[in-house]
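Overview (structure and organization)
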Amino acid sequence: MIHSRESCEPVSAPVEIPTLPGFDMNLPSGLEGLGELAYNLWWSWSPRAGQLFGRIDSSAWARYRNPIPVLRGTDAGRWAELTADEDFMVDASRLLDEFHRYLDNGSDSWYRRAVSSDSERELPAPVAYFCAEFGLHESMQIYSGGLGILAGDHCKSASDAALPFVAVGLLYRHGYFRQQIDADGHQEHNQPYLDPPNLPLRRARGKDGSALRVSVDFPGRTVRAAVWVAQVGRVPLLLLDTDIATNDAADRPITEILYVRGREMRLCQEIILGIGGVRALRALGIQPGVWHLNEGHSAFLLLERARELVARDPSRPIRDALAEVGRNAVFTIHTPVPAGNEVFERGLMLKNLAPWFSETACDPDELLELGRGNTDEPRAPFDMTAFVLRQAADANAVSQLHALTATETWQGVAGHPIMAITNGVHVASWLGRPLRRLYERAIGLSLASDLPGPEPVSHVGKVGDADLWGAHRQQKRELIGFAERRLARQFARHGESPDVLRQVQGQLDLNAMTIGFARRFATYKRADLIFHDERRLAALLSNPERPVQVVLAGKAHPADRPGQQVIQRIFTLSRSDLLRGRVFILEDYDMRVARFLVGGVDIWLNNPRRPLEASGTSGIKAAINGVPSVSILDGWWDEGFNGRNGWAIGGREPLGEDEAQDEADAAELYRLLEEEIIPRFFEREADGFPRAWLDTMRAAAEASLWQFSTARMLHEYVDRLYLPAVRERVSVA
Ligand SMILES: *Cc1c(COP(=O)(O)O)cnc(C)c1O
């Protein structure tokens, strides 16, 4: 409970975290507000903010895509020019007004509206949301894939809805790797160093006014963690960081590497996340009413909360305390196969959690039994997913189909069915600017605060042909410009001649139907399925009347050799006589590349091996931009496909072995492209517009803008997980 608030405010207003000041940027009078804005990631989903930062220093903005180094690097002379520029000052003050309106005006948010019409929907205390990665913006690479992007979008929507919400994660100095592809198609990875003073991070302030530190006991030593705050609109995200001078040199790198490979190091990392995360919240006086574990990495938060209960009442058995803290804990599972789950060998658990075992007088076998996976093996490792499924009050999977598979997989463990809350995307973060303007103008869909509900979205069908085609072509032009710049850099690095570099300009064809495919190159995603029959593909791409091109991007995990081989195969094909100039592979897939692709291609291809894609969200990002999918009926598409908004590759029955499945899926993909998709794309009405295609685009947007938004998703989390968990709360703080 937050007691110190004015009585007119609801009990559970947005969470505020006291911080030490950020960098002093010496901003001129009238523009001080830009400093506050730079420290709030709201700027990342405000279309105007990026434009304004670019006007301050376009080359610094292009280089960092992060306002903090831009503002820090601007000198007095440049500020004098800007403050004398009336247009700039008017635009800056408009932007700052918009920012302050967003932060102030919670009364119009979904949460306040829902609560004011039904007080039963009020959360008595905030939601604490734990995740190992957060994808908020490409300038803060503490994410690696779909899980992190979803967590970031969840926070942004919680902010839009003014939900009392605080997120907890880790600050990795080495996060998402950068990818280059060399002239032979080999993936090269390098790890940029994330430097906190250059990121929108401020230190949380402890009760004594100095930078907050939390301590976590490890065998024979105490490890301390600094606590950074990244402000995401109204939502604070706490990031723990063990890289501080008072730690032993051997403990400082615990939080250095995202998904570190060493198993013991990973365990230490997750102890910091779970146990340290709870301690950070407590030190800041936050007593959550619901604990949301987004994937199993943060499972140890349950251990810390149980320890707290036992410390208060030493007569209480630990098993009982663990059961109690589970009552207001909820869990989201993201992996469809047990192999994707986090497990730790018993010896590592006994060693690293020794302080916890002794403090709680817990018999280690008792805890390890609670973490038994789907196995009877006597000395089975501790399975984080199994542990949380047993302990948490409720659990959800991330699509309808995934809920069925997960319920079946975890039958013996969960004790209850795993419900479905299908993933969504934060529309303001993923909608291209031209379409955003069009939706605002044509159907009054405002993204300035919260997606208001399904109503305005149902009018997308009324957006006119010329407007929709025009906005889409604009986004496609932006993608082509971006892709050609990236390719030119890659070709130059490979030592191509000036003539070849000159030809890169104009390589991509605005009038060609453009197929997009971008994701992690995990092998189950089958990035090379479309290359199954190279000649058939070449024929399909090079029809001069109906030109088609393919743009791909994606990283393979540095340890995933088969994934890297797929990249190499596609790269080689993209340079072959057969496919050159028709197939393009872009380097360094990240949120920025994703934004260009999902907004600018004509059709989104998704062909995982069913049912291994728990949800997938890139197809949703494309759909809100009016880009239909051609996809296997897996993840979100299994429920999202309605016959009008794109195409389904194959059916729902498996066809035996992987090779047979690949063969059949590839054949069906070619057939769909040849007989349905390409003809529809190139069919023009007398007025020159592809009306049938535009209908498919409208159907794609209409079916996704609300139904697959994180706004709809968040409302479901509140109503189906958070509120029921709060009601379960007995004496648990
Ligand atoms: C959206 C996104 C993902 C997740 O997309 P999938 O469809 O789940 O593959 C991964 N990485 C980035 C950079 C993204 O933007």
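Before reading on, note that the structure itself is shown above.
Reading guide: rules and limits
Residues numbered from 1 in each chain as written. Predicted model: local features only at pLDDT ≥ 70, side-chain atom pairs only at ≥ 80, totals over all residues. Heavy atoms only, no water. Helix = DSSP H or I, 4+ residues; strand = E, 2+ residues; numbered from the N terminus. Buried < 20%, exposed > 50% of the residue type's maximum accessible area, 1.4 Å probe, protein only. Polar contact = N/O pair within 3.5 Å; in protein donor to acceptor, adjacent residues only side chain to side chain. Contact = heavy atoms within 4.5 Å. Pairing = 2+ DSSP bridges. Right-handed = clockwise from strand over helix to strand, strands pointing away. Salt bridge = Lys/Arg side-chain N within 4 Å of Asp/Glu carboxyl O. Near = heavy atom within 4 Å. Areas by Shrake-Rupley, 256 points an atom, 1.4 Å probe, with all protein chains shown as cover. Nonpolar A, V, L, I, M, F, W, Y, C, P; charged D, E, K, R; others polar. Domains from an automatic or database assignment.

1. Some points on the side chain of E587
Its place among the elements puts E587 in the loop between β17 (583–586) and α25 (591–600). Residue class for E587 comes out buried when judged on its relative accessible area of 8%. Only 2.6 Å separates the side chain of E587 from the side chain of R493, close enough to count as a polar contact. Here E587 is in contact with Q179, Q180, I181, R486, Q490, R493 and V593, once residues within four sequence places are set aside.

2. Examining the pairing of strand β15 (residues 513–518)
Of all six residues in β15, six are buried; the element is thus mostly enclosed. Of the two faces of β15, the one carrying M513, I515 and F517 and the one carrying T514, G516 and A518 are both buried. Bridge count for β15 against strand β16 (residues 548–553) is six bridges, and the pairing is parallel. Each residue of the ladder has a partner; that of M513, found in β16, is V548. What joins β15 to β16 is helix α23 (residues 534–541), and the crossover it makes is right-handed. In this sheet, strand β18 (residues 603–606) lies alongside β15 in parallel orientation, the contact comprising two bridges. Opposite G516, over in β18, you have W604 as the bridge partner.

3. Quick look at the pattern of salt bridges
The full count for this structure, using the stated rule, is 53 salt bridges. Measuring nitrogen to oxygen at the nearest pair gives 3.1 Å for the salt bridge that ties R569 to E534. One end of the pair, R569, is in helix α24 (residues 561–574); the other, E534, is in helix α23, with 35 residues separating them in the sequence. Accessibility expressed as a relative area gives 30% for E534, which makes it partly exposed.

4. Considerations on the side chain of D241
Considering the arrangement of structural elements, one finds D241 in strand β8 (residues 235–241). With a relative accessible area of 1%, D241 lands in the buried category. A polar side-chain atom of D241 sits 2.9 Å from the main-chain amide nitrogen of D243. Excluding anything up to four places from it in sequence, D241 contacts L171, R173, R224, A225, A226, W228 and T255.

5. So, the site of the ligand
Around the ligand, the structure places 14 residues, and the nearest of them are K525, A594, T617, S618 and K621. The separation between an oxygen atom of the ligand and a polar side-chain atom of S618 is 2.6 Å. In the model, an oxygen atom of the ligand is placed 2.6 Å from a nitrogen or oxygen of the K621 side chain. A total of 390 Å² of accessible area belongs to the ligand in isolation, and the protein chains cover 96% of it. Looking at the shell around the ligand, the elements that each hand over two or more residues are α8 (146–160), α25 and α26 (618–624). In the shell around the ligand, the residues fall into five nonpolar, five polar and four charged. When residues of the shell around the ligand are assigned to domains, at least three fall in each of domain 2 (110–424 + 714–728) and domain 3 (429–708).

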